[in-house]
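Architecture and fold: a report
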Amino acid sequence: MSPSVACYKSLVFAFVLDRMILEHNLDLTILGVYTVYMSLAMLVGLIVDGGIMQYYYPKLISSVGKGSSKEALVAIVKSMVVKTGGVVIIGVGLLYIFTEDFLNLLSDPLYLENIGVLWWLLLVSSAFSFMLIPHFVLYAYHLDRENLLANALSLCVFILINYYYSTNLTILTMAHSLAISFVVMLTVKTVVACRKISQHI
């Protein structure tokens, strides 16, 4: 398995593990509520990944590979931050406005009773979206080891928090665990990427 594939698989592993833990410990009906909310929340992340990142990633590779100036590289990253921020703000705003109307169509009180889960998962999606920026910066510099270590640290945080909540596991505590772990991943990758960019000649 190539380092880049390993990086991506470790990046999304928590999105598989959360469902596995919930399926093992909670009622499938509650798992269904969580899955619907995760699908809604991650629409934002999917748009950022499939649109913005796929457009800018080749520019990052080219800028680093051709030895472009630090200013040119910073300009690309700033543009990624601005566009990602725009998508996140618009996406979260639209979900905030229209989600309750959509849930009312489902005629199941469980969804509205657990609406707080969606807001935490939107934090997950937002952190994931912004995390992709330093993730691809590090990948452009061939720093797969740093990406993997950040992913592994985030996964450890996720597992530890779930262990702490193991006697009182709910879909809300699962959303808390994911949010904290992805904020950790975002923070670590941002620090490493900024340090690398500052050293760019």
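Per-chain numbering applies: the sequence of each chain, read as written, is numbered from 1 onward. Given that the model is predicted, a residue must reach a pLDDT of at least 70 before its local features are reported, and side-chain atom pairs must reach 80 or more before they are shown or counted; all residues, however, enter totals for whole chains, interfaces and linings. No hydrogens and no water enter the side-chain calculation; it runs on all heavy atoms of the structure.

**Remarks on the overall build of the protein**
Just so we agree on the cut-off: In this text, helices come from DSSP runs of H or I with a minimum length of four residues, and strands from runs of E with a minimum of two, each type numbered from the N-terminal end. Based on C-alpha atoms, the radius of gyration is set beside the globule rule, defined as 2.2 Å times the residue count to the power 0.38. Two residues qualify as a contact provided that any one of their heavy atoms is within 4.5 Å of a heavy atom in the partner residue.
Scanning the protein from terminus to terminus reveals seven helices and zero strands. In terms of overall dimensions, the protein is globule-like: its C-alpha atoms have a radius of gyration of 18 Å, near the 17 Å expected for 201 residues. The principal-axis extents of the C-alpha atoms in the protein amount to approximately 55 × 35 × 25 Å. Considering only residue pairs separated by 6 or more positions, the protein has 81% of its internal contacts joining residues 24 or more positions apart.

**Considering the pattern of salt bridges**
Opposite charge on two side chains permits them to pair, given that their charged atoms come into close proximity. As a reminder, the rule being used: One speaks of a salt bridge when a side-chain nitrogen belonging to Lys or Arg is within 4 Å of a carboxyl oxygen belonging to Asp or Glu.
If you walk through the whole model with that rule in mind, you get one salt bridge. Arg-19 is the salt-bridge partner of Asp-18, the closest N and O atoms lying 3.2 Å from each other.

**Regarding the side chain of His-176**
Note the cut-off: Summary of the burial criterion: residues with accessible area below 20% of their type's maximum are buried, those above 50% are exposed, and those between are partly exposed, where the area comes from a 1.4 Å probe applied to protein chains only.
Residue position: His-176 is located in helix α7 (residues 171–198). Residue His-176 is classed as buried on the basis of its relative accessible area, which comes to 17%. Contact partners of His-176, with chain neighbours within four places excluded, come to Trp-120 and Tyr-165.

**Thoughts on the nonpolar core**
The cut-off we apply is this: Only buried Ala, Val, Leu, Ile, Met, Phe, Trp, Tyr and Cys residues count toward a nonpolar core, and they belong to the same one when joined by side-chain atoms within 4.5 Å.
Membership of the largest hydrophobic core comes to 56 residues, with the highest contact counts inside it found for Tyr-34, Tyr-37, Leu-60, Leu-121, Leu-178 and Phe-182. Of all the secondary-structure elements, those providing two or more residues to this core are α1 (3–25), α2 (28–65), α3 (70–106), α5 (115–140) and α7. No other element matches α2, which puts 16 residues into this core. Those residues within four positions of Leu-121 in sequence are excluded, and the remaining contacts are Tyr-34, Tyr-37, Met-38, Ala-41, Ala-175 and Leu-178.

**Observations regarding the packing of aromatic side chains**
Our working rule: Aromatic rings from Phe, Tyr and Trp, taking only the six-membered ring of Trp, are treated as a pair when their centres fall within 6.5 Å; an angle between ring planes under 30 degrees marks them as stacked, one over 60 as edge-to-face, and anything in between as tilted.
Applying the stated criterion to the full structure yields nine aromatic pairs. Measuring from centroid to centroid gives 4.9 Å for Tyr-55 and Tyr-56, while their planes differ by 90 degrees, and the two rings are edge-to-face. The buried category is assigned to Tyr-56, whose relative accessible area is 7%. Note on Tyr-57 and Phe-136: the rings are 5.1 Å apart at their centroids and 50 degrees apart in plane angle, and the pair reads as tilted. Linking Tyr-57 in helix α2 with Phe-136 in helix α5, this pair joins segments that are 79 residues apart in sequence. Through pairs of rings, three or more aromatic residues link up here, namely Phe-15, Phe-128 and Phe-182.

**Notes on a nonpolar patch on the surface**
Heads up, the condition is: Residues forming no salt bridge and having over 30% relative accessible area are the ones grouped into patches, like charges within 9 Å of each other and nonpolar side chains (Val, Leu, Ile, Met, Phe, Trp, Tyr) within 5 Å. Working definition of accessibility: Shrake-Rupley area with a 1.4 Å probe, residue cover restricted to the visible protein chains.
On the surface, Ile-90, Leu-94, Tyr-96, Ile-97, Phe-98 and Trp-119 cluster together into a nonpolar patch covering about 660 Å² of accessible area. With respect to the helices, strands and loops of the structure, Phe-98 is situated in helix α3.

**Section: unusual backbone geometry**
Notably, His-142 is not glycine yet its phi reads approximately 60 degrees, a positive angle. Turning to its location among the elements, His-142 is positioned in the loop between α5 and α6 (144–164). Relative accessible area serves as the criterion here: at 66%, His-142 is assigned to the exposed category.

**Thoughts on α7**
Short version of the rule: For a helix, the expected span equals 1.5 Å multiplied by the residue count minus one. Here a polar contact is taken to be a pair of N or O atoms separated by no more than 3.5 Å, where protein atoms must pair a possible hydrogen donor with a possible acceptor and residues adjacent in sequence count only if both atoms sit in side chains.
Taking 1.5 Å as the rise per residue, α7 with 28 residues should run 40 Å; its terminal C-alpha atoms sit 40 Å apart, in good agreement. The opening residue of α7, the one whose side-chain oxygen lies 3.2 Å from the backbone nitrogen of Leu-172, is Thr-170.

**Comments concerning α3**
An ideal rise of 1.5 Å per residue puts 54 Å on 37 residues; α3 measures up with 51 Å between its terminal C-alpha atoms. Every buried residue of α3 is listed here: Leu-73, Ile-76, Val-77, Ser-79, Met-80, Thr-84, Gly-85, Val-88, Gly-91, Leu-95, Thr-99 and Leu-103. Those residues of α3 that are buried lie in contact with α2, α4 (109–113), α5 and α7. Directly beyond the C-terminal end of α3, a positive phi value near 55 degrees is found at Ser-107.

**So, the packing of α2 against α5**
A pair of packed helices can be characterised by two numbers: the angle between their axes and the separation between those axes. Put simply, the rule reads: Axis angles are defined between N-to-C directions and span 0 to 180 degrees, where every axis is a line fitted to C-alpha atoms and, for a helix, only to the segment in contact. An angle below 35 degrees is read as roughly parallel, one above 145 as roughly antiparallel, one from 65 to 115 as roughly perpendicular, and any other as oblique. Crossing chirality is assigned from the near helix's rotation relative to the far helix, an anticlockwise turn below a right angle marking it left-handed and a clockwise turn marking it right-handed. Put simply, Ala, Val, Leu, Ile, Met, Phe, Trp, Tyr, Cys and Pro go in the nonpolar bin, Asp, Glu, Lys and Arg in the charged bin, and everything else, Gly too, in the polar bin.
Packing of α2 against α5 brings their axes to within 9 Å, and their N-to-C directions diverge by 15 degrees. Of the possible angle classes, the one that applies to α2 and α5 is roughly parallel. Between α2 and α5 lies a crossing whose hand is right-handed. Partitioning the contact of α2 with α5 into residue classes produces 25 nonpolar, four polar and one charged.

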